[in-house]
Amino acid sequence: MVQRIGQLFGVSVMAGVLVAAMILPAVGGLGLTARDVATGFLNMPSELETLTPPQRSIIYDSEGGEIAQVYDRNRELIELEDMSPILQEAIIAIEDSRFYEHGGIDIQGTFRAAIRTLRGDTQGGSSITQQYVKNVLVESATSREEVEDAQAETLARKIRELRYAVTLEQELTKDEILEGYLNIAYFGDGAYGAESASQHFFSVSADELELDEAATLAGAVRFPFQYNPRLNPDEAVDRRNTVLDRMAENEMITWEEAEETKEADLDLDAADMPDNGCVPSDAPFFCDYVINHITNSEEFGEDEEERDRWLKTAGLEIHTTLDPDMQEAAQDAVDKWVPRDNESRKVAAEVLVEPGTGEIRAMAQSRDYGPDEDELGVTSINFTTDYDNGGSTGFQAGSTFKTVTLAAALDQGLGFGTSFDSPGSMTITGQTNCEGGTLAPWSVSNAGESDSGGHNMISGTKGSVNTYFAQLQRRVGLCDVIEMAETLGLERADGTSFDNPNTQANNSFTLGSEEVSPMRVANAYAVFASGGQLCEPQPFTEIYDSVKDETLEFDSDCEQVIDEDVAAGVSYILSQTFKGGTTNGLDIGRPAAAKTGSTDGTAAAWFAGFTPNLSGAVFVGDPRGPQEYPLRNVNIGGRYYGQVYGATIPGPIWQETFREAVEKIPEESFPSAPSRFGSTSSQPSGGGSDTQTAAAGGVPDVVGQTEEAAVAALDDAGYNVNVSGSPISSAEPAGSVAAVNPDPGTSLPSGATVNLFLSNGEGGADGALNDHGQPAIWPGSTRDPDHGEA
């Protein structure tokens, strides 16, 4: 040890003298001596922070599967013992044959290079230690100026490298320096470090390299583009042969081995570079959400630039909450019902979260991820989340917001039996906003005459009766309903408040006039499933930082925001919608609660539902503008839809997703309906009927009849009739009935609405027929459409 310290001190002094010899011809007129310059060299800053080189970060799902890789440098760090000894020898032979003999500076090579540089002829000659220093300075640079300074072909830069190299040799062993160099060096074609280069050019690990492969890689380091074996094979072979000669000269191999290897062809087995970013991922929009979550969160760095650099250079192992099976189920469902390349340009988006933890289990939408927004079926906008997380400015949530009014009413102590006479249309007056201002009178209507009559919370929710909820909101107070929405974690997707003067919530808040994201809706419904706990949506379980060798663990951030009885009461009411309500026929074979949602003019359609341990929300609409491009008279996936309601497409997406998703989680039951809220009967108190008695015989088959005859037959059967104003393609004579919804034979309550669609006499409906040979207006539907929506 004493001998090595003495040797290194001697190198330091000699380096100072060498520097003096290099620069004295240029400064001789200043009266400086070699001793002055040498002393100045020894007094230069010498501490080099040997940062871990930038490397790939990997995003994993909850089962350890890879979601995506993100990086600035395609690099995988490995230890020296995991690099082929023949590669180590090849690098030393061609770059610094006296590496294990000098103290960081090859005096002969440096002196020769410096003299030629002074004469205007840039020349190599740096030791491996000096090259390592240069690479560290380049990789640690945080600005373009620092990068240019670290790469400048100047004497000042060379002297600085010499000083750092001398000190580095005092702090690290030779093997540590060689390991650092082989991990940081650039081998061309985007491959940084020996492991990435080996995998890229020869599809083997660095410890499996043969002599010819090692010599090829070693030869590329000096000029990675010129000696790139994929792009310039002839130059690469010449350089490889030079390396083999140097190895023979240094007795690392025999001359016979060198000559024999020179005869070998350049045997490349080049592999594609590892995917970088979210585009190639199987869960691209969740990947995008993770990246945005990191770059937007102050816990990961002081500013966005620092956080982005940490993500792309720290070799992170990002373990997320995404369940691969649930993600696949969600993606399959949205793609099935709303194909990515559908000409109508409609989109379906779905989010699943776990109640009680906020962990995001799935995030899917019927689009390919990419920057070309003009290409059909491609977008970089994540329609499942808010604008500040890479999402959109949101979509009107429709009648999914009626659930907020239910929660506010129960929270005030109102019971299930709270009843109102709910006519087909009415005017609501006297509502005030949160500033105390009186709102203008509001005319509100139901979508069908069957909704009129007396309703309580249960029957009003099962029928999604607009006039009932308008009165319930007035009874509770608009501001209290808005406050409950915020309590449940609902926010406008554009970041403004519900009561912002520029987007002030109006009378129709309970009917979902606010633009929100599926993420917010799914997470709000999870509050009811969890017994009243609001949890922040959580995409991570832990992140391992390989640079700091530390693991960040993420716990759920939850708060009890509503009473358990209120949550149980809402869950009970929503579970009844599967029993003759708007979600009838969309059950999943275990306890569930749900609410459909459609907006005024059928601009958007929603379905939000949950089990005790999983919550999800589905949105379907047109991102170009739902009001301008509504869900009416559209063809989606080869099927024609007169109108799309919450139970038409979003409902089946939710159902198919959940049937698959719940297979891996235990079946649980909801709490019983709290007795404090009174009777669970759907019969309103104080008179009125919810008309739930089934009409005998079900819906008559009137297809092919004249409009007049069909209306009369349905009226005689006890149903209200709605005749669509938009004829559809059908083989039936023009003006006759082409299709009925619900299907003939469907059992419906007396007074329910049956929709008639008349034929335009222009042939069939592109082969999209239901079980009765009719156009599939609601494909596979045997349920009442979401006729009560706003």
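Above this text you will find the structure in question.
Note that the coordinates shown come from a computational prediction; the quantities given were computed from them, not determined experimentally.

The rules behind the values
Residues numbered from 1 in each chain as written. Predicted model: local features only at pLDDT ≥ 70, side-chain atom pairs only at ≥ 80, totals over all residues. Heavy atoms only, no water. Helix = DSSP H or I, 4+ residues; strand = E, 2+ residues; numbered from the N terminus. Buried < 20%, exposed > 50% of the residue type's maximum accessible area, 1.4 Å probe, protein only. Contact = heavy atoms within 4.5 Å. Polar contact = N/O pair within 3.5 Å; in protein donor to acceptor, adjacent residues only side chain to side chain. Pairing = 2+ DSSP bridges.

S.K.: Sorry if this is basic, but what is going on with the environment of Gln 131 here?
M.R.: Along the polypeptide, Gln 131 turns up in helix α5 (residues 128–140). The buried category is assigned to Gln 131, whose relative accessible area is 14%. Taking the C-alpha atoms as reference points, Gln 131 and Glu 95, separated by 36 residues in sequence, lie 9.3 Å from one another. Excluding anything up to four places from it in sequence, Gln 131 contacts Glu 95, Ser 126, Tyr 181 and Arg 222. For Gln 131, the side chain forms a polar contact with the side chain of Glu 95, separated by 2.9 Å. Polar side-chain contacts of Gln 131 include one of 3.0 Å to the side chain of Tyr 181.

S.K.: Any chance you could explain the pairing of strand β28 (residues 753–758) here in plain terms?
M.R.: Put simply, side chains in a regular strand alternate between the two faces of the sheet. Taking burial as the measure, the six residues of β28 include six buried ones, the bulk of the element. Burial along β28 is two-sided: Thr 753, Asn 755 and Phe 757 facing one way and Val 754, Leu 756 and Leu 758 facing the other are all buried. Across four bridges, the pairing between strand β27 (residues 737–741) and β28 is antiparallel. Following the sheet pairing, Val 740 is matched in β28 by Leu 756.

S.K.: What is the right way to look at the pairing of strand β6 (residues 317–320) in this model?
M.R.: Of the two faces of β6, the one holding Ile 318 and Thr 320 is buried and the one holding Glu 317 and His 319 is not buried anywhere. Bridge count for strand β1 (residues 57–60) against β6 is three bridges, and the pairing is parallel. Along β6, the bridge assignment pairs Ile 58 with Glu 317. Note: β6 against strand β18 (residues 540–545), four bridges, orientation antiparallel. Bridging from a neighbouring strand, Glu 317 pairs with Tyr 544 of β18.

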